[in-house]
Amino acid sequence: MNTIPAQEIKRRGISAVDQALKKGPVHVIKNNQPKYVILTEEEYKRLADATQPGGSIWEWLERPARGTRTKEEIDAYIREERESWGGR
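Residues numbered from 1 in each chain as written. Predicted model: local features only at pLDDT ≥ 70, side-chain atom pairs only at ≥ 80, totals over all residues. Heavy atoms only, no water.

Examining the pattern of salt bridges
No. 1: Scanning all chains against the criterion turns up four salt bridges.
No. 2: Among the ionic pairs, glutamate 8 bridges to arginine 12, the shortest N-O distance being 3.2 Å. Taken together, the residues glutamate 8 and arginine 12, both in helix α1 (residues 6–12) and four residues apart, mark about one turn of the helix.
No. 3: Looking at arginine 12, the relative accessible area reads 32%, which means it is partly exposed.
No. 4: Here arginine 46 makes a salt bridge to glutamate 43, at a shortest N to O gap of 2.7 Å. You can see arginine 46 and its partner glutamate 43 sitting in helix α3 (residues 41–48), three residues apart, about one turn around the helix.
No. 5: Arginine 46 sits in the partly exposed class, given a relative accessible area of 44%.
No. 6: Look at the salt bridges and you will find they share partners, linking Glu8, Arg11 and Arg12 into a network. (Salt bridge = Lys/Arg side-chain N within 4 Å of Asp/Glu carboxyl O. Helix = DSSP H or I, 4+ residues; strand = E, 2+ residues; numbered from the N terminus. Buried < 20%, exposed > 50% of the residue type's maximum accessible area, 1.4 Å probe, protein only.)

Next up, the structure:
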């Protein structure tokens, strides 16, 4: 993960971000926790491009989940699958 502390940005300014972006998206760490992700404009446009297969990332994130099974149904399926292994 490409990270930079928020304090480093305060100290060095945007040049610190520019340098980190050369390695890909930058996770900004604040209070020892990842708080933000910075992308280049090019990467942002790629993610926002609605003409790409499957649509933009924003459209993809807004789609409802395809799964319709409940946790109990999934647990029962897994239990049955394990039992079919015959004690291996």
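Let's pick the thread back up.
Description of the sheet that holds strand β1 (residues 3–5)
No. 1: Taken in spatial order, the three strands make up an open sheet running β1-β2-β3, and their pairing is mixed. Unpaired on one side and paired on the other, β1 and β3 (33–38) mark the two borders of the sheet. When the angles between neighbouring strand axes are averaged without regard to direction, this sheet yields 35 degrees.
No. 2: As paired elements, strand β2 (residues 26–30) and β3 share five bridges and run antiparallel to each other. Across the sheet, residue valine 26 finds its bridge partner in β3, namely isoleucine 38.
No. 3: Against the sheet, helix α2 (residues 14–21) makes contact with β1, β2 and β3, and its axis sits at roughly 135 degrees relative to β2, the strand it touches most. (Pairing = 2+ DSSP bridges. Axes fitted to C-alpha atoms, helices over the stretch in contact; angles between N-to-C directions. Contact = heavy atoms within 4.5 Å.)

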